[in-house]
Amino acid sequence: MQPSLVLQGGLTFAGSRCQPNLPGVGLRPQEMLSRRAPRLLTLHRSFQVRISQAMSQGGNSAALPPPCRGLILGMDHVVMTVRSIADTAAFYSKVLGMEVVSFKGNRKALHFGNQKINLHEAGKEFEPKALHPTPGSLDICFITEMPLETLMEHLKACGVKIEEGPVSRTGAMGPIRSVYFRDPDQNLLEISNYIKS
């Protein structure tokens, strides 16, 4: 018999199913997201997996719940700690065409597509924050439809040194060609084209 694990917030994990604690109701992860999204969004912050209980049941991973595939739909934003918000905003707007936006007073973010990068100034971070927020520790890949040859000409015109590329890499959805360079804090930026079949 597969072990089950009760989570705070009204879900029981048993086998490969995510089952709400309601009589006769069992939903697979994708079904749970589509049918119970409002409740899921309301309760997700209260979900705390009782790992210690699971481990005490057998002391091995067999007692842990299986992954609830499909739970995460996408990425909304990431926080980047920088030495100078002004320098970072100028670089990303000029070189990468991102829109500098303000929110909650004078906080700054870099907006592009359906995502954004929130900016924290080193030593003046907002709570909660990463345990060790450090300028220059980011390694991130962005996707563009601009041909890499055109991008490289643009980078040269902006005075940005290309560190590597174009080179072949593997993206989340398939093969890509990438160019690497760095921002003012020495974060490694990878700009890529998906290779069309």
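In case you missed it, the structure is sitting above this.
Now for a look at the structure at hand. (Residues numbered from 1 in each chain as written. Predicted model: local features only at pLDDT ≥ 70, side-chain atom pairs only at ≥ 80, totals over all residues. Heavy atoms only, no water.)

### Observations regarding the overall build of the protein chain
In plain terms, the rule: By the criteria applied, helices consist of DSSP H or I runs no shorter than four residues and strands consist of E runs no shorter than two, each listed in order from the N terminus. Only protein chains enter the accessibility calculation, which uses a 1.4 Å probe; a residue is then buried when its area is under 20% of its type maximum, exposed when over 50%, and partly exposed in between. The criterion used for residue contact is that any of the two residues' heavy atoms lie within 4.5 Å. Method for areas: the Shrake-Rupley scheme with a 1.4 Å probe, in which residue coverage is limited to the protein chains shown.
The number of helices and strands found in the protein chain is four helices and eleven strands. Burial analysis of the protein chain (197 residues in total) assigns 31% to the buried set. A separation threshold of at least 6 residues defines the contact pool for the protein chain, and within that pool the share at least 24 residues apart is 47%. Summing over all exposed atoms, the protein chain offers an accessible surface of approximately 12,600 Å²; the carbon and sulfur share of this is 54%.

### Quick look at the pattern of salt bridges
Going by this rule: The salt bridge definition used is simple: a Lys or Arg side-chain nitrogen within 4 Å of an Asp or Glu carboxyl oxygen.
Per the stated rule, a full pass over the model turns up six salt bridges. Here R83 and D185 are joined by a salt bridge, their closest N and O atoms 3.1 Å apart. Linking R83 in the loop between β4 (77–82) and α3 (85–96) with D185 in the loop between β10 (174–182) and β11 (188–194), this pair joins segments that are 102 residues apart in sequence. Note that K124 and E121 form a salt bridge whose closest N and O atoms lie 3.8 Å from each other. By relative accessible area, K124 is classed as exposed at 55%.

### Points about the sheet that holds strand β7 (residues 115–121)
Let me state the cut-off plainly: Note on pairing: DSSP must find at least two bridges between two strands before they are called paired. In this analysis an axis means a line fitted to C-alpha atoms, helices contributing only their contacting stretch, and an angle means the value between N-to-C directions, from 0 to 180 degrees.
Here we have four strands laid out as an open sheet, ordered β4-β7-β6-β5, and mixed in their pairing. Each having just a single partner strand, β4 and β5 (99–103) make up the two edges of the open sheet. Put simply, the sheet's adjacent strands are angled 30° from each other on average, direction ignored. As judged from the four bridges shared by strand β6 (residues 107–112) and β7, these two strands associate in the antiparallel manner.

### Structural notes on the sheet that holds β10
The mixed open sheet is built from four strands, whose spatial order is β8-β11-β10-β9. The open sheet terminates on both sides in strands that have one partner only, identified here as β8 (139–143) and β9 (162–171). Mean inter-strand twist for the sheet, computed between neighbouring axes without regard to direction, equals 30°. Alignment of β10 against β11, held across seven bridges, turns out to be antiparallel. What sits directly across from I176, in β11, is Y194.

### A closer look at the layout of surface pockets
The line we're drawing: Of the two site types, the cavity is a set of points on a 1 Å grid over the protein atoms alone where a 1.4 Å probe fits but cannot get out, and the pocket is an open set with protein on both sides within 12 Å along at least five of seven lines, each lined by residues with an atom within 4 Å of a point. Grid points are joined across faces, edges and corners, and a volume is the space filled by probe spheres set on the points. Gly falls in the polar group here, along with every residue not listed as nonpolar (Ala, Val, Leu, Ile, Met, Phe, Trp, Tyr, Cys, Pro) or charged (Asp, Glu, Lys, Arg).
The calculated volume of the largest pocket comes to roughly 650 Å³. Contributing to the lining of the largest pocket are 21 residues, with F112, Q115, C141, F142 and I143 lying nearest its centre. Counting residues per element, the lining of the largest pocket draws most heavily on β8, at four residues. For the lining of the largest pocket, the residue count by class is 14 nonpolar, six polar and one charged.

### Considerations on the pairing of β9
Inspection of the sheet shows β9 paired to β10 by seven bridges, in the antiparallel sense. By the bridge assignment for β10, G171 is matched with G174. Counting the residues that bridge the hairpin from β9 to β10 gives two residues.

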